Structure formats: C-alpha cells, structure tokens
Amino acid sequence: VDNMTQDAQAALRRIMEKYSHITRFILICNYITHIIDPINSRCAKFRFKYMNSIMMHTHLREIAFSEKFKINDDTITCIINISNGDMRHAIMILQTGIILYGSFLYPHHILDISGYINDNIIKKILNKSKNKNFDNASNLVIKSLSDGFTANQILLQLSDNLNKINYLSNKNYGIISIAISKVDYKLSCGADQKLQLLEVIGTIIRNS
C-alpha cells in the first residue's frame, strides 16, 4: 500500500468506509509513514520483525530442496547478507537467480543480479580511508560507479560496514553518519554521484 499514490490511497479510504460493515481489509506495507493518516487511523497495526539468519537459512534450504535446486551454504549466506532479514526479498533473489542462471547458483551470480557490491571492495575503500590514502579510496569508488553500481548502493554498504569496525570513536562515527545522510539527501535531489561520494570519502578520512 505504501507504493500507492496519495490519491489512490484516498480512493481506497473511501472504499474502506463504504464497505467496512461487510468487509475486512488487510493492507501490507514496508513503510507505515508512507500511508495517509485517514487509513492509518482506521487500521490495527501488526509489525513483523525481520527473520534471523538461522530461520532464513532453513527456509531457503527447504525451498531449494522442494524445487530441486542445487544451492550451497555460501550462496545461501550471500542471499541472507544481501536481503538483510527480509525473507520476501531473499526468495525473490533466489527465484531471479534460478531463472537467469539455471538450477545451480554460486555467490557471484547472486552479487550480479542484486546490484550488491562485493564487501571486499567496500572494506578496501575503508582501509584506504583509514590510511589517509584519498587517491586510492576515490579510485575504488569511481571504479565501482563505472562498473554500474549506484551511489546509493555504495553509501548503503559503506554505512553497513562502518557499523562493524571498532577504530572509530562515537563522535567520529556520528560525524560520518551525518555526512552520509546529507549526501543521500543530495543524491535524491539529483546531485552528482561522483562528487558526493568523494565528499563522503573525505569525511571518513578526516575522522578515521
């Protein structure tokens, strides 16, 4: 429902009002903040947590077995890491991979179809930044852009990997996080991807 326009949601609200005495509506969304208030106020909200990796691994393995796919643990782990607890997304990645590459999937197939950058590249960018090597870090970023990865994906994975490192103080981590959020906003307004990413790299270097 959060993908519907506000006009479409307003029309849905009128349908709900007209037929609520004989009908129960079940509405599904990812972002409740994208739902208009008149619908929000008329619904009981049920929030579902993301699934943990063990549950996802078991379920993906069951799907592969039932559908007679050949899939190893490394590939399943790759799908889980990319989907970040979203089982629906994980199944869509698995389905897309089978359609494109046949009944045996490898991790590099999953990376290719998901638009996900190899974590080793992101770690290299952060390591170069930690060592104050702006040229090498920026070259890795520019190469990722030229390989077809989006600036938003690079930002997302930079942010995820920053959560895993332990050499940043809370203050410096906060400064970098604010810089990433500002750049994310500028990108949504149409700013140049390369320049904005280089600004983030400069911020990381200054605060590492």
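A brief look at the structure comes next. (Residues numbered from 1 in each chain as written. Predicted model: local features only at pLDDT ≥ 70, side-chain atom pairs only at ≥ 80, totals over all residues. Heavy atoms only, no water.)

## Observations regarding the packing of aromatic side chains
What the rule picks out here adds up to one aromatic pair. Judged by centre distance (5.0 Å) and plane angle (50 degrees), the ring pair of Phe-104 and Tyr-106 falls under tilted. Overall, Phe-104 belongs to the partly exposed group, its relative accessible area being 31%. (Phe/Tyr/Trp six-rings, centres within 6.5 Å; stacked < 30°, edge-to-face > 60°. Buried < 20%, exposed > 50% of the residue type's maximum accessible area, 1.4 Å probe, protein only.)

## Some words on helix H8 (residues 134-146)
The end-to-end C-alpha separation of H8 is 18 Å, in line with the 18 Å expected for 13 residues at 1.5 Å each. Turning to H8, its buried residues number three or more, namely Ala-137, Ser-138, Val-141, Ser-144 and Leu-145. Buried residues along H8 cover an arc of 120 degrees about the axis, so they all sit on one side. Those residues of H8 that are exposed and angled more than 90 degrees off the buried face are Asp-135 and Ser-146. Contact partners of the buried residues in H8: helix H7 (119-130), helix H9 (151-162) and helix H11 (193-206). Looking one or two residues beyond H8, the residue adopting positive phi is Gly-148, at roughly 105 degrees. (Helix = DSSP H or I, 4+ residues; strand = E, 2+ residues; numbered from the N terminus. Expected span 1.5 Å × (residues − 1). Arc of directions from axis to C-beta. Contact = heavy atoms within 4.5 Å.)

Honestly, it's all geometry; don't read function into it.
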